[in-house]
Amino acid sequence: MTAPTVPRHGIITSPGHWVRKRLFNSGLNTVLTVVLVPLVAYLIWRGVTFVFVTARWEPVRNNLTLFMIGRFPRAEIWRVVAQVVIWSSAIGLAWGAAVAGAKARALRAGLPYKEDSAIAKARRNGAILAALALLLAMAQTWGPLILFGVSFVAALLLQRVAARTPAPQVPYVWAAVAVLAVGGFQIVSGFHGTGWLWIGIPIALAASRLLGRRDWRTHRIRRLASLSAVVGVLGVAYAVYAVVDSPGVGWERWEGLRLNLLAAPIALTLAFPIGMGLALARRSSFPALRMVATGYIELIRGVPLISLLLMGQFFIGFFLNTATPLSSLTRAFIVLTMFASAYIAEIIRGGLQSVPTGQIEAGQSVGLSPWKVTRFIVLPQALRNVIPPMVGQFISLTKDTTLLYIISIAEILYIRNIVHAQAEFRAFGIAETLVFVAFIFWSITFSMSRESQRIERRLGVGVR
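This text gives an overview of the structure that appears in the document. As the structure is a computational prediction, the values presented were derived from the model and not from experiment.

Considerations on the overall build of the chain
So, point 1. Each helix and strand counted, the chain has 20 helices and 2 strands in total.
So, point 2. The 464 residues of the chain split such that 37% are buried.
So, point 3. A separation of at least 24 residues holds for 76% of the contacts in the chain among residues at least 6 apart in sequence.
So, point 4. As presented, the chain carries roughly 26,700 Å² of accessible surface, and 69% of it is formed by carbon and sulfur atoms.
So, point 5. Charged side chains in the chain number 45 positive and 17 negative. The centres of these two groups are separated by 10 Å.

Topic: the nonpolar core
So, point 1. Core analysis: the biggest nonpolar cluster contains 40 residues, and Leu309, Leu336, Ile348, Leu352, Leu404 and Ile409 have the highest contact counts within it.
So, point 2. For this core, the secondary-structure elements that each account for two or more residues are helix 12 (256–282), helix 13 (287–301), helix 14 (305–319), helix 15 (328–354), helix 17 (370–385) and helix 18 (387–400).
So, point 3. No other element matches the 13 residues that helix 15 contributes to this core.
So, point 4. Beyond its immediate sequence surroundings of up to four residues, Leu336 is in contact with Ala263, Ala267, Leu305, Leu397 and Leu404.
So, point 5. Membership of the second largest hydrophobic core comes to 34 residues, among which are Leu64, Val391, Ile395 and Val437.

Quick word on the layout of surface pockets
So, point 1. When its volume is computed, the second largest pocket comes out at roughly 400 Å³.
So, point 2. Taken together, Leu280, Arg283, Ser284, Ser285, Leu352, Ile360, Gln364, Pro370, Trp371, Val373, Thr374 and Val378 make up the full set of residues lining the second largest pocket.
So, point 3. Mapped onto the lining of the second largest pocket, the elements with two or more residues apiece are helix 16 (357–365) and helix 17.
So, point 4. Class assignment of the residues belonging to the lining of the second largest pocket gives a composition of 7 nonpolar, 4 polar and 1 charged.

Side note on the packing of aromatic side chains
So, point 1. One pass over the full model with this rule turns up 14 aromatic pairs.
So, point 2. On the basis of an interplanar angle of 40° and a centroid distance of 6.3 Å, the ring pair of Tyr42 and Trp45 is categorised as tilted. In this pair, Tyr42 and Trp45 both sit in helix 2 (residues 27–54), 3 residues apart, roughly one turn of the helix.
So, point 3. Residue classification places Tyr42 among the partly exposed residues on the basis of a relative accessible area of 45%.
So, point 4. According to the relative accessible area criterion, Trp45 is exposed, its value standing at 52%.
So, point 5. Residues Phe148 and Phe152 carry aromatic rings whose centres are separated by 6.0 Å and whose planes lie at 25° to one another, so their mutual orientation is stacked. Highlighted residues: Phe148 and Phe152, both in helix 8 (residues 143–163), separated by 4 residues, approximately one helical turn.

Some details on the environment of Ser226
So, point 1. Along the chain, the position of Ser226 falls in helix 11 (residues 219–244).
So, point 2. Owing to a relative accessible area of 13%, Ser226 belongs among the buried residues under this scheme.
So, point 3. Residues Ser226 and Arg213, spaced 13 residues apart in sequence, show a C-alpha to C-alpha distance of 9.4 Å.

Some remarks on the pattern of salt bridges
Any two side chains of opposite charge can pair, on the condition that their charged atoms come close.
So, point 1. Summed over all chains, the structure comprises 8 salt bridges.
So, point 2. Among the ionic pairs, Arg124 bridges to Glu451, the shortest N-O distance being 3.0 Å. Taken together, the positions of Arg124 in helix 6 (residues 118–124) and Glu451 in helix 20 (residues 430–459) put the pair 327 residues apart, joining distant regions of the chain.
So, point 3. Overall, Glu451 belongs to the partly exposed group, its relative accessible area being 22%.
So, point 4. Each of the salt bridges in this network shares a partner with another, and the network as a whole consists of Arg282, Glu298, Arg301, Glu346 and Arg349.

Describing the side chain of Thr401
So, point 1. Here Thr401 lies in the loop between helix 18 and helix 19 (412–420).
So, point 2. Relative accessible area serves as the criterion here: at 0%, Thr401 is assigned to the buried category.
So, point 3. Looking at Thr401, its side chain comes within polar contact range of the main-chain oxygen of Thr398, at 2.5 Å.
So, point 4. Residues in contact with Thr401, not counting those within four places in the same chain, are Asn260, Ala263, Ala264, Glu411 and Phe441.

Focus on helix 18
So, point 1. With 14 residues, helix 18 extends 20 Å from end C-alpha to end C-alpha; this agrees with the ideal 20 Å at 1.5 Å per step.
So, point 2. Three or more residues of helix 18 are buried, namely Ile387, Met390, Val391, Gln393, Ile395, Leu397, Thr398 and Asp400.
So, point 3. Against helix 12, helix 14, helix 15, helix 17 and helix 20 lie the buried residues of helix 18.

Re the packing of helix 16 against helix 17
So, point 1. Two elements in contact, helix 16 and helix 17, have axes separated by 10 Å at closest approach and are oriented at 160°. Taken together, the axes of helix 16 and helix 17 lie roughly antiparallel to each other. In this structure, helix 16 meets helix 17 at a crossing whose hand is right-handed. On helix 17, the residues touching Gln359, Ile360, Gly363 and Gln364 of helix 16 are Val373, Ile377, Val378 and Gln381.
So, point 2. Residue classes in the contact of helix 16 with helix 17 are distributed as 4 nonpolar, 4 polar and no charged.

Brief notes about unusual backbone geometry
So, point 1. One non-glycine residue, Asp245, lies in the positive phi region at around 40°.
So, point 2. Among the secondary structure elements, Asp245 is positioned in the loop between helix 11 and strand 2 (246–247).
So, point 3. The class of Asp245 is partly exposed, set by a relative accessible area of 48%.
So, point 4. The residue Ser408 is not glycine, and still its phi comes out positive at about 65°.
So, point 5. Note on placement: Ser408 falls in the loop between helix 18 and helix 19.
So, point 6. Classification of Ser408 by relative accessible area gives exposed; the value is 52%.

The rules behind each value
- Residues numbered from 1 in each chain as written.
- Predicted model: local features only at pLDDT ≥ 70, side-chain atom pairs only at ≥ 80, totals over all residues.
- Heavy atoms only, no water.
- Helix = DSSP H or I, 4+ residues; strand = E, 2+ residues; numbered from the N terminus.
- Buried < 20%, exposed > 50% of the residue type's maximum accessible area, 1.4 Å probe, protein only.
- Contact = heavy atoms within 4.5 Å.
- Areas by Shrake-Rupley, 256 points an atom, 1.4 Å probe, with all protein chains shown as cover.
- Lys, Arg positive; Asp, Glu negative; His and termini not counted.
- Charge placed at Lys NZ, Arg CZ, Asp CG, Glu CD.
- Core = buried A, V, L, I, M, F, W, Y, C linked by side-chain atoms within 4.5 Å.
- 1 Å grid on protein atoms, 1.4 Å probe; cavity = no way out; pocket = protein on both sides within 12 Å on 5 of 7 lines; lining within 4 Å.
- Points joined across faces, edges and corners; volume = space filled by probe spheres on them.
- Nonpolar A, V, L, I, M, F, W, Y, C, P; charged D, E, K, R; others polar.
- Phe/Tyr/Trp six-rings, centres within 6.5 Å; stacked < 30°, edge-to-face > 60°.
- Salt bridge = Lys/Arg side-chain N within 4 Å of Asp/Glu carboxyl O.
- Polar contact = N/O pair within 3.5 Å; in protein donor to acceptor, adjacent residues only side chain to side chain.
- Expected span 1.5 Å × (residues − 1).
- Axes fitted to C-alpha atoms, helices over the stretch in contact; angles between N-to-C directions.
- Parallel < 35°, antiparallel > 145°, perpendicular 65-115°, else oblique.
- Left-handed = near helix turned anticlockwise from the far one by under 90°.

Here it is in C-alpha cells:
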C-alpha cells in the first residue's frame, strides 16, 4: 500500500484496536474518554427513558392532524391530500430530470455516471425518514400510511421514467414539473383568477420550444409558429379557467407544519433572483445602482427579523395600497423574501469575490461582453463556491419560520399553544410537544445538511 492510501490512524485490525487507537492513544484522549463516555451514556439513557417510558405523548398523538395542517377546513382536506400526491410526483419527476441531465453532461464530458445506491440515499436521509416513521406510527388511522404509500410510489415511478429521458427531451420534463408544482398549489387555492397564466406559461414555453425545433422553411415562419403556440396555449388556458372558475381555500388558511415547510422554499425561491441582482448591483460600476443595493442590504441585515415581521404588518399595506388588503401571511412572505434576499446577496457577493481576476481577464481577452463574462465564467464558479453558506441560509430561514408565531400566524409552534389550550392537555405534555416540534425541525435541517455535503463532495467544493 502506498503512503497516501494509508489511513491517518493506521490500519485498524479489530474493534479493540480501534478503541485503543482512537480513544486511548494519548493521555489527554484517555482523560477525555473516561469523562465524556459515561456522561454521553448517561444523557442517552435519560433521553431514551424519557421518550419511551416517562413521556406522555397523548397531546401529540391526539392532535397530529392539527399539528400538520392546523385549522384547515376539514371538509376540504381532500385538497391537501391531492396536493401531497401531486407535489410528490413533481419531486420525483424533478429528481429524474436532474439525473437525466447529469447523465447527459457526463456523457458529453466522456466521464462515467454512477448514481448512489438506495442504501446510500436512505442513510443520507435517515433523519427525515425517521420523522416520517414517527408521524405514521402516531397516526390513529390508515389514511396517512396510504397517502404516504401512494405518494412514494408515484414519485418513484415518475423518477424512473424521467431518469431515462433522452437529453433533448429533458426541458419538457422540467415544464411538466412546473405544471405539477403550479397545479399542486392551485388544487388548494382554486382554479380561478390569474391561475391560467401561471399554469399556461410552462406549457406555452414547452409548446414553443417543440415547434421551434421543427424544420421550417424560414426563420420568420419558425418564430411565427412559436409565437402562435404561446398565444394558443395561453388562450386555451384562459378559456378553461373561465369555464371552471373554481375557488378553493386561500393560503391565509394554511397552517401548521405544512405552512413551515412551504414558507421557507417559497421565500427562498423568490429571494434568490433578487439576491443575485443585489449582489451584482453592489459590485456594479454605476454609483447609483451600487448605493441603492448597498443601502437595501445594510438596512435589512441591520434589523432583527422579528422587528421586520411586526413592521411588515403595518407598513406593507401603506406602500402597497391594493384594492383588497393583503393578508397577514402574504405580508409575512414579503418580509421573509426581503430578509432572505439581503443575506443571499451578501453570500453571492462573497462567491463573486472568490473568482480569480485572471478568469475575468481571460474572458475579456477573447472578446466576451461583460454580461457574457458574468453569465458564463463568473456566476457558475461563484455559485458553486457558495453552496455551504447558501444551505446554511436555507436551514436558518426554515427555523426562522417559527417566528411567524409572533404575528399570530398559526405555524407549528402556534398550533402547540392551541393544543395546550385544550382542557385535557392544559397540565401535561408541555415538554413532549416541544420535543416533538424540535425533532421535526432537526430531521428536516439535518437531512438538508447531509444533502449539501453530498453536493459539495460531487462538485469538489473546497478541494479544487
